[in-house]
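Working through the structure, step by step
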Amino acid sequence: MASRLLRGAGALAAQALRACGPSGVAAVRSMASGGGVPTDDEQATGLEREVMLAARKGLDPYNILPPKGASGTKEDPNLVPSVTNKRIVGCICEEDNTSVVWFWLHEGEAQRCPRCGAHYKLVPHRLAH
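Okay, so let's go over this structure. All figures in this text were calculated on a predicted structure; none of them were measured in a lab.

**Some points on the overall build of the protein**
When you go through the protein residue by residue, the secondary structure sums to three helices and five strands. Going residue by residue from the N terminus, the α and β elements of the protein occur as α-α-α-β-β-β-β-β. Out of the 129 residues belonging to the protein, those deemed buried represent 15%. Working note: accessible area of the protein is about 10,300 Å², and carbon and sulfur atoms make up 57% of it.

**Re the nonpolar core**
Counting residues in each nonpolar core, the largest one holds 10 residues, listed as Val80, Val89, Cys91, Val101, Phe103, Leu105, Cys113, Ala118, Tyr120 and Leu122. Elements with a minimum of two residues in this core: β2 (86-91), β3 (101-106) and β5 (119-124). Ranked by residue count, the leading element in this core is β3, at three residues. Setting aside chain neighbours within four positions, we find Leu105 in contact with Val80, Asn85, Lys86, Arg87, Val89, Gln111, Tyr120, Lys121 and Leu122.

**Notes on the pairing of β3**
By the alternation rule, side chains of β3 split into Val101, Phe103 and Leu105, which are all buried, and Trp102, Trp104 and His106, of which none is buried. For β2 and β3, the ladder comprises six bridges, and the chain directions are antiparallel. Each residue of the ladder has a partner; that of Ile88, found in β3, is Trp104.

**Notes on the pairing of β5**
Of the strand pairs in this sheet, strand β1 (residues 78-82) and β5 are connected by five bridges, and their pairing is parallel. In the strand pairing of β5, Val80 is matched with Leu122. The pairing of strand β4 (residues 111-112) with β5 spans two bridges and is classified as antiparallel. Residue pairing in the sheet places Gln111 in a bridge with Tyr120 of β5. With antiparallel pairing between neighbouring strands as the criterion, β4 and β5 make up a hairpin whose turn holds six residues, including Gly117 at a positive phi of roughly 90 degrees.

**Comments concerning the pattern of salt bridges**
As enumerated under the stated definition, the model contains one salt bridge in all. Note that Arg56 and Asp41 form a salt bridge whose closest N and O atoms lie 2.4 Å from each other. Placement of Arg56 in helix α3 (residues 46-56) and of Asp41 in helix α2 (residues 40-43) is noted, with a sequence separation of 15 residues between them. The partly exposed category is assigned to Asp41, whose relative accessible area is 38%.

**Observations concerning the side chain of His119**
Tracing the backbone shows His119 in strand β5. If sequence neighbours within four positions are ignored, His119 has contacts with Gly72, Thr73, Lys74, Pro77, Asn78, Ala110, Gln111 and Arg112.

**Re the packing of aromatic side chains**
In total, this model carries one aromatic pair according to the counting rule given. Taking NZ or CZ as reference, Lys86 lies 5.0 Å from the ring centre of Trp104, over its face.

**Comments concerning the environment of Gly72**
Relative to the helices and strands, Gly72 resides in the loop between α3 and β1. For Gly72, a relative accessible area of 8% puts it in the buried group. Spatially, the C-alpha atoms of Gly72 and Lys121 are 9.5 Å apart, while their sequence positions differ by 49 residues. For Gly72, the contacting residues outside a window of four places in its chain are Pro77, Asn78, Gly117, Ala118 and His119.

Thresholds, definitions, all that
Residues numbered from 1 in each chain as written. Predicted model: local features only at pLDDT ≥ 70, side-chain atom pairs only at ≥ 80, totals over all residues. Heavy atoms only, no water. Helix = DSSP H or I, 4+ residues; strand = E, 2+ residues; numbered from the N terminus. Buried < 20%, exposed > 50% of the residue type's maximum accessible area, 1.4 Å probe, protein only. Areas by Shrake-Rupley, 256 points an atom, 1.4 Å probe, with all protein chains shown as cover. Core = buried A, V, L, I, M, F, W, Y, C linked by side-chain atoms within 4.5 Å. Contact = heavy atoms within 4.5 Å. Pairing = 2+ DSSP bridges. Salt bridge = Lys/Arg side-chain N within 4 Å of Asp/Glu carboxyl O. Phe/Tyr/Trp six-rings, centres within 6.5 Å; stacked < 30°, edge-to-face > 60°. Lys NZ or Arg CZ within 6 Å of the ring centre and 35° of its normal.

Listed below in structure tokens is the structure:
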């Protein structure tokens, strides 16, 4: 078993040495063009590619990332994106709470959680496609 691992590591080292140019500096090339495993950037297509490109620009077109927390006050409410004029929201009022308080959030003024009083505001969101 160990001899197979060493033999495999030796083959990889030899391949890396062959990839060096005449000056001894490693030539930069993609593994996919050399017959290896393609990177995520080379292989991604469709929606996955769109999400990867948007993430590089710091965007979140499909609300994949968790929302940025706000203080939850009336002046600085938690912003909840929605494609409709209402959305159901779950509030975990305390860190160690084991239950979630669910309530409907409607477009317009900021609304409070019925249990803890944190403020939430619905903001319009357009889908990326």
